[in-house]
Amino acid sequence: MTTKTDPHDCNVPADGSRLMSVDEAHARIEALIEPLSGEERVAIRAALGRVLAHDVSATVDVPPYTNSAMDGYALRGADLEAAVGQGLRLVGDSFAGHPFSGSVGPGECVRIMTGAMMPDGADTVVMQEATTVDGETIRVATGGKPGMNVRGAGEDLRAGGIALASGTRLKPVDLGLLASVGVAEVSVRRRVRVAFFSTGDELCSIGEPLREGCLFDSNRYTLYGMLTRFGAEVIDLGVVRDTREAIEQAFRDAAAQADVVITSGGVSVGDADFVKETLDRLGGIDFWRIAMKPGKPLAFGRLDGGAYFFGLPGNPVSVMVTFYQFALPALRRLAGEQAKPALWLRAPCLSRLKKGKGRTEFQRGVLVTGPDGQLAVDTTGSQGSGILHSMSVADCFIRLPAESGEIEPGTMVDVQPFEGIV
Ligand code: AMP
Ligand code: MG
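Nothing here was measured: the structure is a model prediction, and the numbers come from that model.

**Student:** Go over helix α1 (residues 22-32), please, and point to the residues and values.
**Tutor:** What α1 keeps buried is the set V22, A25 and I29. All buried residues of α1 fall inside an arc of 60° around its axis, so they share one side. Pointing more than 90 degrees away from the buried face of α1 are the exposed residues D23 and A31.

Written out as structure tokens, the structure is:
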């Protein structure tokens, strides 16, 4: 019979081994993972969601020339007073794409449209609504400041400066930014190839009749979605039965094709949980049990041949929590992405939260406007690790530290908003 080595230490499971803290698990993954090599050149439209392999410099100023921010009249700032009094003489027009070719002298002005190039000599624009026209004479109702309503060349990006840094995952705005500096193609990192499968004799695939004592395999779909949103090249290896042979074969197939292998289920201590022992044979496990809930049995390691391995627990919520907390940062690192650290906010919790001491919990929450108009968080309700619905209605994790017990309403808690990956 096994006994706890220290009955007061909640992080010591029945087999006497210590559970690893969430922070230590993060640090280990970070230390072990190096970005993958390999890049390809793609047209910028095809680069959406890909990770930039090198810095992209601006070859031109954006905007390329100093231009007007308003429809109105371009003039010399020193003439603003005269413009209010005797008025200025209109000497020409500057339209977008059709600049004024002359120069604006003292006492003169040029009609100008938004985005049109500022004529030589002029440094100030008075908006049309503030002017009156009397033949060739333009008068300004009230003064203003020299330099007003003008957008300087290069005020968005300077030629020679970095428009986008290596490691940026390209968003729609970045495609626009690349186009603004005339870049048609970029080098992006190759996608991370991820093979995944579900384990369990109780699993039925959708499309099959549901057999007695079985349930539909949902993890493979959640994983497919999260991996696709992340931008992986996904290799779905289906449902694998709980036998040593089947699991070993699936691992061999997966390792031959992928940079990362992700499995769900089979990492607990049940009789048919063969994932851990197979991994021990085909590679090495780096850690095994984490002081978190849900998701205690999480395996991380490397298979012979080099593929990284994440053995996620089988419970549907545990899969998502462990993916989001551990696999996703690892995938981002592999992809060469310079990701911002996870954003954590502090918010009062509106409801009581059940919590036992000993493990960090990632409960599911909903961000709301509190009674005082400030940010607050509420629970999604029942927090069982099989209640996938709790993830569906949630928009954040509520992270409760290992040492904390039950949370009273009004207590400040740490909240991590989801970033569109769930
Ligand atoms: P395991 O980690 O294999 O012991 O599985 C833990 C729990 O998660 C069991 O109740 C399983 O039936 C359930 N489970 C495992 N894999 C899946 C899956 N792919 N889809 C839905 N539920 C699953
Ligand atoms: Mg199982």
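**Student:** Report on the pairing of strand β23 (residues 360-369), specifying residues and quantitative values.
**Tutor:** Taken together, the two bridges between strand β19 (residues 292-293) and β23 define a ladder with parallel strand orientation. Bridge pairing links K293 to E361 in β23. Where β23 and strand β24 (residues 375-379) come together, five bridges link them in antiparallel fashion. Across the sheet, residue L367 finds its bridge partner in β24, namely V377. Here β23 folds back onto β24 in antiparallel fashion, the turn holding five residues, of which G373 has a positive phi close to 85°.

**Student:** Can you explain empty space enclosed by the protein? Please cite residues and give values.
**Tutor:** One water molecule sets the probe size; rolling that probe over the atoms shows where empty space is left. Inspection of every chain in the model, using the stated rule, returns one cavity of 30 Å³ or more. Put simply, the largest cavity is a space of about 70 Å³. Taken together, G49, R50, V51, R169, R189, R190, R191, V192, F230, G231 and A335 make up the lining of the largest cavity. By residue class, the composition of the lining of the largest cavity is four nonpolar, two polar and five charged.

**Student:** How would you sum up the pairing of strand β4 (residues 72-75)? Please name residues and give values.
**Tutor:** Strand residues, when the strand is regular, have side chains that alternate between the two faces of the sheet. Taken together, the four bridges between β4 and strand β6 (residues 108-112) define a ladder with antiparallel strand orientation. Bridge pairing links L75 to C109 in β6.

**Student:** Which residues make up the site of ligand 1, and what values do they have?
**Tutor:** If you check the shell around ligand 1, you find 16 residues, and the closest are E202, D217, S218, G266 and G314. In the model, a nitrogen atom of ligand 1 is placed 2.7 Å from a nitrogen or oxygen of the D217 side chain. A distance of 3.0 Å separates a nitrogen atom of ligand 1 from a polar atom in the backbone of S218. For ligand 1, the accessible surface in isolation is 480 Å², of which the surrounding protein chains cover 79%. Among the elements of the structure, β13 (193-199) and β15 (215-216) are those that each provide at least two residues to the shell around ligand 1. Class assignment for the residues of the shell around ligand 1 results in four nonpolar, ten polar and two charged.

**Student:** Got a sec to walk through the layout of surface pockets? Specific residues and values, please.
**Tutor:** Approximately 720 Å³ is the volume attributed to the largest pocket. Residue lining of the largest pocket: 26 residues in total, with E30, P329, A339, K340 and P341 positioned closest to the centre. Of all elements in the fold, only α1 and α7 (316-334) reach the threshold of two or more residues within the lining of the largest pocket. Broken down by element, the residue count for the lining of the largest pocket peaks at eight residues, all from α7. Grouping the amino acids of the lining of the largest pocket by side-chain chemistry returns eleven nonpolar, seven polar and eight charged. Residue-level mapping places the lining of the largest pocket at the junction of two domains, with at least three residues from each of domain 1 (22-37 + 190-334) and domain 2 (39-62 + 162-189). A volume near 560 Å³ is recorded for the second largest pocket. Lining of the second largest pocket is provided by 22 residues; of these, R169, R332, E337, A339 and E419 occupy positions nearest its centre. Looking at the lining of the second largest pocket, the elements that each hand over two or more residues are α4 (219-230) and β26 (412-417). Element by element, the count of residues in the lining of the second largest pocket is highest for α4, at three residues.

The rules behind the values
- Residues numbered from 1 in each chain as written.
- Chains lettered and ligands numbered in written order.
- Predicted model: local features only at pLDDT ≥ 70, side-chain atom pairs only at ≥ 80, totals over all residues.
- Heavy atoms only, no water.
- Buried < 20%, exposed > 50% of the residue type's maximum accessible area, 1.4 Å probe, protein only.
- Helix = DSSP H or I, 4+ residues; strand = E, 2+ residues; numbered from the N terminus.
- Arc of directions from axis to C-beta.
- Pairing = 2+ DSSP bridges.
- 1 Å grid on protein atoms, 1.4 Å probe; cavity = no way out; pocket = protein on both sides within 12 Å on 5 of 7 lines; lining within 4 Å.
- Points joined across faces, edges and corners; volume = space filled by probe spheres on them.
- Nonpolar A, V, L, I, M, F, W, Y, C, P; charged D, E, K, R; others polar.
- Near = heavy atom within 4 Å.
- Polar contact = N/O pair within 3.5 Å; in protein donor to acceptor, adjacent residues only side chain to side chain.
- Areas by Shrake-Rupley, 256 points an atom, 1.4 Å probe, with all protein chains shown as cover.
- Domains from an automatic or database assignment.

By themselves, these figures tell us nothing about what the structure is for.
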